[in-house]
Structures are given as structure tokens and as C-alpha cells.
Amino acid sequence: MTVPDFRPVTPHIWRLNLIWDLKIPFYPPIPVAVWLVKDGEEWTLIDAGPPQFAAAVPGAAARFLGALRPSRIVLTHAHYDHGGALAELVKRWNTPIWAHADEVGFVTGANEYRKIESRNVVFNLSKRMLNASVWRLPVARALQEGDAAGGMDVIHVPGHTPGMIALYHRADRAVICGDTFMNLGGKLSAPFSMATPDPAAARRSMKKLAALDFDTLLPSHNPSERGVQADVVRRFVSPL
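Residues numbered from 1 in each chain as written. Predicted model: local features only at pLDDT ≥ 70, side-chain atom pairs only at ≥ 80, totals over all residues. Heavy atoms only, no water.

A.B. asks: Honestly, the nonpolar core in this entry has me stumped. Any pointers?
C.D. replies: The nonpolar side chains of a soluble globular protein tend to be buried with one another. Among the nonpolar cores identified, the biggest contains 36 residues, and Phe6, Leu16, Leu45, Leu86, Leu89, Ile97 and Val107 are the most heavily contacted of them. Among the secondary structure elements, those contributing two or more residues to this core are β2 (13–20), β3 (30–39), β4 (42–46), α1 (56–65), α3 (86–93), β6 (97–100) and α4 (104–108). Tallying contributions element by element places α1 first for this core, with five residues. The contacts of phenylalanine 6, once residues within four sequence positions are left out, are Trp14, Arg15, Leu16, Val34, Trp35, Leu36, Leu45, Ala60, Ala61 and Phe64. Core analysis: the second largest hydrophobic core is formed by 19 residues, Ile155, Val175, Phe181 and Val233 among them. (Core = buried A, V, L, I, M, F, W, Y, C linked by side-chain atoms within 4.5 Å. Buried < 20%, exposed > 50% of the residue type's maximum accessible area, 1.4 Å probe, protein only. Helix = DSSP H or I, 4+ residues; strand = E, 2+ residues; numbered from the N terminus. Contact = heavy atoms within 4.5 Å.)

Structure, rendered in C-alpha cells:
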């Protein structure tokens, strides 16, 4: 499978934009980002993409990094489109996985998204359509709010999943936000309701990120090579 190359977004962040076909009626293919972040001589891969890109992601990384390999894979969360290629990447690279403590069980197999108790009617009606997203892989480090990961600060942003995180790159004034926000069709939005068990927590997480001192928001689902400017983000969250 041919995929584009990693493209620079900020001085230390590169983005690989994959196009994922959900194969769900009325849902068009959507972009899914995988990120490489440089910290000194080390590289961090953020998220792993859907499973159909298991060969393409390391291929794109090899074209970019040469003989180097990422020192770690940090998951924003373990949904199908963000963790699907994990097993293949770990097999190829023997790279440790880092995830928030509240997300670890969804990687190791102890928990399953479809079993989350929710008051969101849309989620409850749709969750059987969700892939189980159980990778049964060990997590080398359980992250917490405020931890450092590859030169970035870990920000806990639950709602879309219990342990979703954003990565705040202070030097580049950028926030890799996972699915805290989506930016499809040139329009900023909350994450898909069908896959978000706690919309109220998701709104709090959006406000939490908007309050940070940053210039650029980098959503995982965003067709643009660039991110979303901070003033656009703050206008969006102001009525929430």
C-alpha cells in the first residue's frame, strides 16, 4: 500500500496523513494522522494508524529516518484507527508502547470500549459497530497528567476514551490533540458521538486544551498539512 511521506508541521513535528475507509454507510473515508516528534537524538512515534497500514507506516518511517527507529510509540488512545498497526510495529521495531494509565487496559486486553457504561444514547446504540480494539500488547509505561514524553507534556483529555491524552510541545507551541477535536471539511468539531461515551467530559477536555498557551492545534483527523490556529479553537469552545 502506497502512502505519502512524513511532512514537517513544526520544527520538531512531522505528520503522516493516512486516508482511512471506515466502511460504514454514509461515512466517507477520513484522514488519520501518525506523527514523528524529534527530541534531541531520539524520535517518538505518536499513534500507529489503522491495521491496513501496518506495512505502510514503518515504510514511511524508514524513508524518513533511514536506519533509525523510534524510541517509543505513544498512543493518544487505542481506538482501531490509532492503534491498529501496533502489533506489526512492535514486531518490526521491538519498540515500547506508552499510554495513559486509564488507557492501558484497552491495549493489554483487560478492557474493551464496547463494554464502557455510558449515558450517551448515540454511543450506546452504535458501540456494537465499534471494533473491539483489543491489541493484547504490553504497555511499557503508564503515563499520567504532567509526565514528559519525547519532549512533550502529557495532558489527560478523557471523554472520547477514558485515557485519551494530548501531547503539548511547548517549544513548538503546538498541541497534538488526538481526537479531542476533529477538523473535517474545514470545520472544527467535537469527536464522533458514536464513539464518545462521555460527551460532557469531552467538552471539558476541549476547554482544557483551549486554555493552554499554544499557537497550533494538531488534530488526528484533519486533511490539512497544517493545524488549526489557537484563536479558532478558542472561539469554538467559548459557547460550550
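A.B. asks: Explain the pairing of β3 to me, please; I cannot follow it from the model alone.
C.D. replies: Consecutive side chains along a regular strand alternate between the two faces of the sheet. The buried count for β3 comes to eight of ten residues, which makes it a mostly enclosed element. Bridge analysis of β2 against β3 gives eight bridges, and the strand direction is antiparallel. In the sheet register, asparagine 17 faces β3, and the bridge partner there is alanine 33. Both β3 and β4 contribute to a ladder of five bridges, which runs antiparallel. Across the sheet, residue tryptophan 35 finds its bridge partner in β4, namely isoleucine 46. What sits between the antiparallel neighbours β3 and β4 is a turn of two residues, in which glycine 40 has the positive phi angle 65°. (Pairing = 2+ DSSP bridges.)

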